[in-house]
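A structural walkthrough
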Amino acid sequence: MPLSMTRPRAGIIDDIEREDRRGYEPEELATFHQLVRHLTADGDRRAARAGRRARRTLAQMGVNR
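Sequence order sets the numbering: in each chain, residues are counted from 1 along the sequence as written. Since the coordinates come from a predicted model, pLDDT governs what is reported: local features require at least 70, and pairs of side-chain atoms require 80 or more to be given and counted, while whole-chain, interface and lining totals use all residues. Only hydrogens and water are removed before side-chain values are computed, so all heavy atoms of the structure are retained for them.

Within a predicted model, pLDDT stands for the predictor's per-residue confidence, ranging from 0 to 100. Across the protein chain, pLDDT averages 78, with 77% of residues at or above 70. By mean pLDDT, the top-scoring element of the protein chain is helix 2 (residues 26-49) (90), and the lowest-scoring one is helix 1 (residues 12-22) (74). Strands here mean DSSP runs of E at least two residues long; helices mean DSSP runs of H or I at least four residues long; both are numbered from the N terminus.

In structure tokens, the structure reads:
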């Protein structure tokens, strides 16, 4: 295999893969949860204005597994 096709043993790719295995950082997770809470509240408000309740389960959403 040509040298240009080999993957370096240590480098930026390995660093990124190592970070990916660790999962989300606490502040990223907090930001994600804040977004989900915002979207949930927005959906609840929109449903209430339409005289309905927001669907909460897959069965209520009509999702077939």
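The next subject is the pattern of salt bridges. The salt bridge definition used is simple: a Lys or Arg side-chain nitrogen within 4 Å of an Asp or Glu carboxyl oxygen. Applying the stated criterion across every chain, the model contains two salt bridges. For Asp 42, the salt bridge identified is with Arg 45, shortest N-O distance 3.7 Å. Taken together, the positions of Asp 42 and Arg 45, both in helix 2 and three residues apart, correspond to about one turn of that helix. Since its relative accessible area comes to 42%, Arg 45 is described here as partly exposed. Across the pair Arg 46 and Asp 42 runs a salt bridge, and its minimum N-O distance is 2.9 Å. Here Arg 46 pairs with Asp 42, and both are found in helix 2, just four residues apart, close to one helical turn. Buried means the residue's accessible area, taken with a 1.4 Å probe over protein chains only, is under 20% of the maximum for its type, while exposed means over 50%, and partly exposed covers the values in between. Judged by relative accessible area, Arg 46 falls into the exposed class, the value being 55%. Connected through shared salt-bridge partners, Asp 42, Arg 45 and Arg 46 make up one network.

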